[in-house]
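# Examination of the molecular architecture
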Amino acid sequence: MSPGTLDSILRRLPLPNDPNVLVGFNTNDDAGVYLLNDDLAIVQTVDFFTPIVDDPFTFGQIAAANSLSDVYAMGGKPVSALSIVGFPEKGDTAILEQIIRGGLDKMKEAGCTVIGGHSIRNDDIQFGYSVTGTIHPRKIWKNVGAQTNDVIFLTKPLGTGIISTALKRNSAENSSLAAAVASMSQLNRVAAEALHELTAKFPASIHAVTDVTGFGLLGHAREMALGDPQTGTPPITIEIQYRAVPALPGALDAARQGMIPGGLNNNRDFLGDCVRFAGSVPQENRALLFDPQTSGGLLVALAAEAAADAVQIFEKHKIASARIGRAIAKSAALLSVI
């Protein structure tokens, strides 16, 4: 759904009146967190969508990786999942089996056990998971908390929405599609493990984390920049250097050719005056920053003194991270692209 539609609805809803809710929907975080005891909380999330690639097994893998991502983005460990299936009444059940097998394959890689699910008849194929994870109540990563002078990292290249649109229009290059599939199928587990390793040396260095999905890089960066009045976290401006933002092979070319998904335009309309672009930023790079991602990477705001160590740890774990910007004192716009 359009981020504007969701935002207008959620702002009118009452917040949970339960002291055990450590993270609810008021901060637009990736998952909810519920306290069980002083040393244990559960992380809960749900995600499902229609196929974005032709191969059913691969689609199942991507759907699973995407569903698991929210738990990793909160700093949690996935433990169990319930599958969500929508499938045509007269559809080929062999296709459904391959989708489910693909999902199970990725869940096994994550060490997350699928313990059930729910299915409905539906004209369109839909697949995903509700995932539950565990987390220490005092070690939660939220998407708010970025501070002035923080360094901003991104752990996967952008462009999955643009390339998926090119696929639908029979214009995707094989190399571009292969790179997009590899990126979307990659768990964010190793990136999260790298961040956990960083905190062993710099315990309070990670100030905000989110994963980049349907609202695009700029949409999720906006959430990070908003701050949180309830916790006294002030808003900041996130400054992004467009040349530093990695793109999947062929994504910028596809954007130049007009392979623009509808979600990209929704994101652009929603952000409006929240983002200011330098005049030198090309239109295709602007499109990339609005592009809705599937199973995108982690967007991380961390203390500047930990940035060099973060680079080394990401490299050690073979995570192709990119230092894409910084947090600065709040200016006229929440987001600045230079």
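Our structure is the block above this text.
Here is a short report on the structure shown in this document. (Residues numbered from 1 in each chain as written. Predicted model: local features only at pLDDT ≥ 70, side-chain atom pairs only at ≥ 80, totals over all residues. Heavy atoms only, no water.)

### Some remarks on the pattern of salt bridges
- On inspection of all chains with the given rule, the structure shows 8 salt bridges.
- When the shortest N-O distance is used, the salt bridge between Glu 97 and Arg 101 registers 3.0 Å. Of this pair, Glu 97 and Arg 101 both sit in helix 3 (residues 93–110), 4 residues apart, roughly one helical turn.
- By relative accessible area, which is 46% here, Arg 101 ends up partly exposed.
- Between Arg 256 and Glu 284 there is a salt bridge; the shortest N-O distance is 2.9 Å. Highlighted residues: Arg 256 in helix 8 (residues 251–256) and Glu 284 in helix 10 (residues 283–290), separated in sequence by 28 residues.
- What you see here is one network of salt bridges that share partners, running through Asp 253, Arg 256 and Glu 284. (Salt bridge = Lys/Arg side-chain N within 4 Å of Asp/Glu carboxyl O. Helix = DSSP H or I, 4+ residues; strand = E, 2+ residues; numbered from the N terminus. Buried < 20%, exposed > 50% of the residue type's maximum accessible area, 1.4 Å probe, protein only.)

### Points about the side chain of Lys 106
- For Lys 106, the location among the structural elements is in helix 3.
- On the basis of relative accessibility, which here comes to 7%, the residue Lys 106 falls in the buried class.
- Residues in contact with Lys 106, not counting those within four places in the same chain, are Gln 61, Ala 64, Ala 65, Leu 68, Ser 185 and Leu 187. (Contact = heavy atoms within 4.5 Å.)

### Structural notes on the packing of aromatic side chains
- Going through the model one piece at a time under the given rule, you end up with 5 aromatic pairs.
- Plain terms: the ring middles of Phe 127 and Tyr 129 are 5.1 Å apart, the flat faces sit at 75° to each other, and that makes the pair edge-to-face.
- Residue Phe 127 is classed as buried on the basis of its relative accessible area of 1%.
- Overall, the relative accessible area of 1% leaves Tyr 129 in the buried class. (Phe/Tyr/Trp six-rings, centres within 6.5 Å; stacked < 30°, edge-to-face > 60°.)

### Focus: helix 2 (residues 56–74)
- For helix 2, which comprises 19 residues, the first-to-last C-alpha distance of 29 Å matches the rise-based estimate of 27 Å (1.5 Å per residue) to within 8%.
- Leu 68 marks the point of greatest bend in helix 2, at about 30°.
- Helix 2 sits mainly inside the fold: 17 of its 19 residues count as buried.
- Positive phi shows up at Gly 75, right after helix 2, with a value of about 95°. (Expected span 1.5 Å × (residues − 1). Bend = angle between axes of the 7 residues up to and from the residue.)

### Considerations on the nonpolar core
- In terms of nonpolar packing, the biggest core is built from 94 residues, with Leu 217, Leu 218, Ile 238, Val 245 and Leu 299 touching the most fellow members.
- Among the elements that make up this core, the one with the highest residue count is helix 2 (10 residues).
- In this view, Leu 217 contacts Leu 154, Leu 158, Val 212, Ile 240, Val 245, Leu 289, Asp 291, Leu 299 and Ile 324; residues no more than four positions away in its chain are not counted. (Core = buried A, V, L, I, M, F, W, Y, C linked by side-chain atoms within 4.5 Å.)

### Quick word on the environment of His 207
- Looking at where His 207 falls in the secondary structure, it is placed in strand 8 (residues 206–211).
- Sequence separation between His 207 and Val 144 is 63 residues, and the spatial gap between their C-alpha atoms is 7.6 Å.
- Beyond its immediate stretch of four places on either side in the chain, His 207 contacts Lys 142, Val 144, Gly 145, Ala 146, Gln 147, Asp 150, Ala 301, Leu 302 and Ala 303.
- Engagement of the side chain of His 207 in a polar contact is seen with the side chain of Asp 150, the distance being 2.8 Å. (Polar contact = N/O pair within 3.5 Å; in protein donor to acceptor, adjacent residues only side chain to side chain.)

### Observations concerning the sheet that holds strand 2 (residues 32–37)
- With mixed pairing, 6 strands are arranged side by side in an open sheet as 1-2-3-6-4-5. Here the strands that pair on one side only, and so sit at the sheet edges, are strand 1 (21–23) and strand 5 (113–121). With strand direction ignored, the average angle separating the axes of adjacent strands in the sheet is 25°.
- Relative to strand 6 (residues 126–135), strand 4 (residues 77–87) runs antiparallel, the two sharing 9 bridges. (Pairing = 2+ DSSP bridges. Axes fitted to C-alpha atoms, helices over the stretch in contact; angles between N-to-C directions.)

Interpretation note: all reported values are geometric properties and have no functional meaning in isolation.
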